[in-house]
Amino acid sequence: MISIVIPAYQEAPGIEDALERLFHPAVSGATAMEVIVSVAGQDDTLERVLDFGRRRRLDNLKAVKSQRGRGLQLNRGAQEARFSILLFLHADVSLPSGALPAVLDVLGDEDVLGGSFLKRYRQRSWRLWGNVAVSYLRVRYFHVFFGNDCIFVRRRVFDDLGGFAPIPLMEDVDFSRRLRRLCRRTPRGRLAIIPLAAQASARRYIERGVLRQSWTILRTMTAYKLGRSPQELDRSYHRYD
């Protein structure tokens, strides 16, 4: 049984398509799930989620209001979760077929505390292949997870870690860092990478340019490693939005 938390900020144009993809039987198989959309912003995302649930007669979909900030929204959604496994999904990312049975399978090993999926982009372009390759190495060998890698974790582990940090940027990297540390402190504790690729949106790469956006991410990650505050990084990262 899996609780899926989706942070949504101004996602009204695409939220119903995202939910259609998520509720496709190929994604969940026979796995029981609930979906919690944690909504910030002033558009009608929340109303569209509720309307989708009414039209589809879904009793396992809910929407909650949250303060803006991905970490805050993720934590707010997790507060509403009823199940023992949490999966965090960005609104513009699609889980692959068989995703939820695969999560249950890897967490059948009690030594596994959490993990993520691999990633590819919905938009196909040779310019993105280098980013996909770097993402593979980052996730597979270094266990540095971004939010669009679809992080999953046992609920008790999430609570032990205190959830996501309420910071404007790098909440995903910070969470995966603390998750790795917990694994090192836990006898036989480890993370699992599911060899299925979620489909992420390359919108920001297309809008900014692949090289420019890749450089921005590398520069931001390096500055974070060197101790720059998430608040400073957020201002720098969104300077050209």
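For the structure, see preceding data.
This one's a predicted model, so the numbers in the text were calculated from it and none came from an experiment. (Residues numbered from 1 in each chain as written. Predicted model: local features only at pLDDT ≥ 70, side-chain atom pairs only at ≥ 80, totals over all residues. Heavy atoms only, no water.)

## A few points about helix α6 (residues 129-142)
The end-to-end C-alpha separation of α6 is 19 Å, in line with the 20 Å expected for 14 residues at 1.5 Å each. Buried within α6 we find Asn 131, Ser 135, Arg 138 and Val 139. End-on, the buried residues of α6 take up no more than an arc of 85°, which puts them together on one face. Exposed residues lying more than 90 degrees from the buried face of α6 are Trp 129 and Tyr 141. In this structure, the buried side of α6 is in contact with β5 (112-121), β7 (190-200), α9 (203-208) and α10 (210-225). (Helix = DSSP H or I, 4+ residues; strand = E, 2+ residues; numbered from the N terminus. Expected span 1.5 Å × (residues − 1). Buried < 20%, exposed > 50% of the residue type's maximum accessible area, 1.4 Å probe, protein only. Arc of directions from axis to C-beta. Contact = heavy atoms within 4.5 Å.)

## Re the nonpolar core
In terms of nonpolar packing, the biggest core is built from 54 residues, with Ile 4, Leu 19, Val 35, Val 37, Leu 87 and Leu 95 touching the most fellow members. Not counting residues up to four positions away in its chain, the partners in contact with Ile 4 are Leu 22, Met 33, Glu 34, Val 35, Ile 36, Leu 87, Leu 89, Leu 95 and Leu 100. In this structure, Leu 74, Val 157, Phe 175 and Ile 193 belong to the second largest nonpolar core, which totals 24 residues. (Core = buried A, V, L, I, M, F, W, Y, C linked by side-chain atoms within 4.5 Å.)

## A word on the pattern of salt bridges
Following the criterion strictly, the structure yields 14 salt bridges and no others. Arg 55 is the partner of Glu 16 in a salt bridge, and the nearest nitrogen-oxygen pair spans 2.4 Å. Pair noted here: Glu 16 is in helix α1 (residues 15-22) and Arg 55 is in helix α3 (residues 45-56), with a separation of 39 residues, a long-range link. In this structure Glu 16 comes out as partly exposed when scored by relative accessible area, which is 24%. Looking at Arg 55, the relative accessible area reads 47%, which means it is partly exposed. Among the ionic pairs, Glu 80 bridges to Arg 76, the shortest N-O distance being 2.7 Å. Given the relative accessible area of 25%, Glu 80 is considered partly exposed. Overall, the relative accessible area of 25% leaves Arg 76 in the partly exposed class. By sharing partners, the salt bridges in this structure join Glu 16, Asp 51 and Arg 55 into a single network. (Salt bridge = Lys/Arg side-chain N within 4 Å of Asp/Glu carboxyl O.)

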